[in-house]
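Coordinate inspection notes
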Amino acid sequence: MSQEQRERAANDADRFVDSVKNAGYWRSIDLRICAIRCGRSWVNLVTRGFLDHRAVGSVPAFSPVERSDFRAWQAVLPITDLPVLVHGIVSGKAKPGQSSVQYVDESAQPVSDTRYVFSNLAESFRSAKYDPWSCHALLSHGSSMWKVVRQAIPNPLDLDNLIRSGANAYDGLSDLVRSFCARPGALEIQRTATICDLIAPLAVRFDRGEVASSPERVSVALRAAAKVFVAKAELVWTVGSAGEPPRHRSAKLDQREWAPEGSALRSRMEIPIRKGDATATLFLLIGGRCVDCVSRPLAEAGSNIRVRTHNVVDPDLRRFLERLRPESWNKGREFEEAVGLLFLFLGFQVDPLYAQGGLGDAVDSLAHDPASSVILAIECTVGPPDAKAKLSKLIARSADMRKQLPDSEVIPVLATATPRAALSKAEVDKAEGDDIALLAREDLDGLWAVAQSGGTTAHAVSRLRTQVTDARLRRARDGTGRASKTMLPGSAAG
């Protein structure tokens, strides 16, 4: 690592430490470490540290995974240890708890890429692989994980079996990192660098699935991890109509009523609107930082006749919402029905192919936009997106439809009841690489909010096109894109 890289890493480490110290929300550091034995030393593969608002003795304990040449363990430290820990990681060696860990590559050089970021829930592309809250993050990557493991194990692919074969077992390194270290997405030892992430969450957010509007108000649900975050939080909103000066208001969140919900807190708030208001945009601020943002169209707010009519037979749409957010894996058919109903609420004419026998390997539903030539080819799954080769089937069926319906725009949609944080990177990349609009649980919640607020098929189609285009631009920016098979109207080439 060059002197310039060392200085930049040290500066970013100082920025992270200063951001945490000046905020004053956290009392402990919850470190989860996966390391391999190289000679007499433990060398980092993955370290994930969460700054916690609770005291050291109140942080839940994880059982360690201990093998002959591999360990995964938890170390909970007081927040006062943060400066020493951070600068130890940046310099190449730290001692979290009883064991020292080296953060070096095969040439004994310190980690080569360390940077401080503020990762915001309101952004469509987030720097840190962390989804529950906005956060300060210090992200470090070292040398090839494959090379590091190979110093201890002749065949690095044997590491997965080593992790499976003992006490407190996990299904290989990827499962361990996801479950023990709480780092979402797939991990491929052949392609991944060693990792160290330190996360300082600013734990207040909107519950997007419960944003609703009527002709008189916008109702939002708020979540927080603890009162220490609420104490300095503020809700700011902008409401108005085209051609008129917008109205700006704010409210301190510590003046609201907060009720316990599991290990977190929950509150509701109503924002008054006027006849003719077109949009409402709401921001959550903590210490001068925007940590979340939602924006809702208000045209015809509360006048979705399809939602109102269904509410007569399904009061508060409880049955619909239970099926849209299933809690078990055996609710596939119910989930398919709910997704079809969601697109009906948005104004699409839905053809539920799943309910019709003898159609071969058809997609689950077709949704026709009566206002345009758009057809949505929808495949649904409660579990992983590519379960039972659903992605491959959707890609093939969509291509066939485009060929036979050249005057229509066919958008393939994969709807999953799984939260986006739990999706594997490989499946997300496969879907996005073939211009599939991948709708995770929170994306479906967002479409439901659009339907409630009177959103039309145009709103939904615009969201789907934007998602596909944003994914294509990310691939182009990261250098991972490939030539797209199709182009959506109005989108840029990837």
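Just so it is clear, the structure is predicted and the values come from calculations on it, not from any experiment.

What follows concerns the pairing of strand S8 (residues 134-144). The element S8 is extensively covered by neighbouring structure, given that 9 of its 11 residues are classed as buried. Note: strand S7 (residues 113-119) against S8, 7 bridges, orientation antiparallel. Directly across from tyrosine 116, in S8, lies its bridge partner leucine 138.

The next point concerns the sheet that holds strand S18 (residues 289-297). Spatially, the 4 strands line up as an open sheet ordered S14-S13-S17-S18, and their pairing is antiparallel. Unpaired on one side and paired on the other, strand S14 (247-252) and S18 mark the two borders of the sheet. Direction aside, neighbouring strands of the sheet carry axes that sit 15° apart on average. The sheet contact formed by strand S17 (residues 279-286) and S18 spans 8 bridges and is antiparallel. Pairing of leucine 284 across the sheet is with aspartate 292, part of S18.

So, about the packing of helix H9 (residues 332-345) against helix H12 (residues 441-452). Put simply, H9 and H12 touch, their axes get as near as 9 Å, and they point 35° apart. Here the hand of the crossing between H9 and H12 comes out left-handed. Contacts between H9 and H12 involve Phe335, Leu342, Phe343 and Phe345 from the first element and Leu444, Leu447, Trp448 and Ala451 from the second.

The strand order across the open sheet built from 5 strands is S19-S20-S21-S22-S23, with neighbouring strands paired in mixed fashion. Only two strands of the sheet have a single neighbouring strand rather than two, namely strand S19 (349-351) and strand S23 (437-439). Going from strand to strand, the sheet's axes swing by 25° on average, the running direction of each strand aside. When strand S21 (residues 374-381) meets strand S22 (residues 409-416), the two strands line up parallel, connected through 8 bridges. Its bridge partner being in S22, valine 374 is matched across the sheet by glutamate 409. Most of the contacts of H9 go to S21, to which it runs at about 155°, and overall it touches S19, strand S20 (365-368), S21, S22 and S23. In the packing of helix H10 (residues 390-404) onto the sheet, the strands contacted are S20, S21 and S22, and the crossing angle to S22 comes to about 165°.

Turning our eyes to something else, we now look at the side chain of arginine 67. Turning to its location among the elements, arginine 67 is positioned in the loop between strand S3 (65-66) and strand S4 (70-78). The buried charged residue arginine 67 lacks any salt bridge partner; its closest oppositely charged side chain belongs to glutamate 66, at an N-O distance of 7.4 Å. A polar side-chain atom of arginine 67 sits 2.9 Å from the main-chain carbonyl oxygen of leucine 162. Discounting residues that sit within four places of it in the chain, arginine 67 has contacts with Leu162, Ile163, Ser165, Gly166, Ala167, Asn168 and Ala169.

A separate point is the packing of aromatic side chains. Inspection of the entire model under this criterion finds 10 aromatic pairs. When the ring of tyrosine 170 is compared with that of phenylalanine 180, the centres are 6.3 Å apart and the planes differ by 80°; the resulting orientation is edge-to-face. Within this pair, whereas tyrosine 170 is found in the loop between helix H4 (158-164) and helix H5 (172-179), its partner phenylalanine 180 is found in the loop between H5 and strand S9 (193-202), the two being separated by 10 residues in sequence. You'll find tyrosine 170 and phenylalanine 180 in the same group, each marked buried. Every member of this aromatic cluster is reached through a ring pair, and the members are Tyr25, Trp26 and Phe229. Lying over the aromatic face of tryptophan 42, arginine 71 brings its terminal NZ or CZ to 5.6 Å of the ring centre. Over the face of the ring belonging to tryptophan 73 we find arginine 71, whose NZ or CZ atom lies 4.2 Å from the ring centre.

Here strand S13 (residues 233-240) lies mainly inside the structure; 6 of its 8 residues are buried. Bridge count for S13 against S17 is 8 bridges, and the pairing is antiparallel. Bridging from a neighbouring strand, glutamate 234 pairs with leucine 285 of S17.

All right, on to the pattern of salt bridges then. Under the definition given, this model contains 25 salt bridges. A salt bridge links aspartate 52 to arginine 54, with the shortest nitrogen-to-oxygen separation between them at 2.8 Å. Given a relative accessible area of 8%, aspartate 52 falls into the buried group. The partner of arginine 318 in a salt bridge is aspartate 316, with the nearest N and O atoms 3.0 Å apart. By relative accessible area, aspartate 316 is classed as exposed at 51%. Among the charged side chains, a salt-bridge network with shared partners connects Asp207, Arg223, Glu261 and Arg266.

On to H5. Gly172, Leu173, Asp175, Leu176 and Val177 are the residues of H5 that are buried. Of the surrounding secondary structure, the elements contacted by the buried residues of H5 are strand S1 (28-38), strand S2 (41-52), S3, S4, helix H3 (145-150) and H4.

Residue placement: aspartate 443 occurs in helix H12. Here aspartate 443 falls in the buried class, since its relative accessible area comes to 19%. Discounting residues that sit within four places of it in the chain, aspartate 443 has contacts with Arg420, Leu438 and Gln467.

For the rest of this paragraph, the subject is the environment of arginine 333. For arginine 333, the position within the fold is in helix H9. Residues arginine 333 and alanine 355, 22 residues apart in the sequence, show an inter-C-alpha distance of 9.0 Å.

Turning next to the nonpolar core. Residues Phe16, Trp26, Leu235, Leu253 and Leu282 are the most contacted members of the largest nonpolar core, which totals 70 residues. With 6 residues, helix H1 (residues 3-23) is the single largest residue contributor to this core. Non-local contacts of leucine 235, meaning those with residues more than four positions away in its chain, are made with Phe206, Arg249, Ser250, Ala251, Leu253, Met269, Ile271, Leu282, Phe283 and Leu284. The next biggest cluster of nonpolar side chains, apart from the first, holds 35 residues, and it includes Val374, Val382, Ala437 and Leu464.

What counts, and at which threshold
- Residues numbered from 1 in each chain as written.
- Predicted model: local features only at pLDDT ≥ 70, side-chain atom pairs only at ≥ 80, totals over all residues.
- Heavy atoms only, no water.
- Buried < 20%, exposed > 50% of the residue type's maximum accessible area, 1.4 Å probe, protein only.
- Helix = DSSP H or I, 4+ residues; strand = E, 2+ residues; numbered from the N terminus.
- Pairing = 2+ DSSP bridges.
- Axes fitted to C-alpha atoms, helices over the stretch in contact; angles between N-to-C directions.
- Left-handed = near helix turned anticlockwise from the far one by under 90°.
- Contact = heavy atoms within 4.5 Å.
- Lys, Arg positive; Asp, Glu negative; His and termini not counted.
- Salt bridge = Lys/Arg side-chain N within 4 Å of Asp/Glu carboxyl O.
- Polar contact = N/O pair within 3.5 Å; in protein donor to acceptor, adjacent residues only side chain to side chain.
- Phe/Tyr/Trp six-rings, centres within 6.5 Å; stacked < 30°, edge-to-face > 60°.
- Lys NZ or Arg CZ within 6 Å of the ring centre and 35° of its normal.
- Core = buried A, V, L, I, M, F, W, Y, C linked by side-chain atoms within 4.5 Å.

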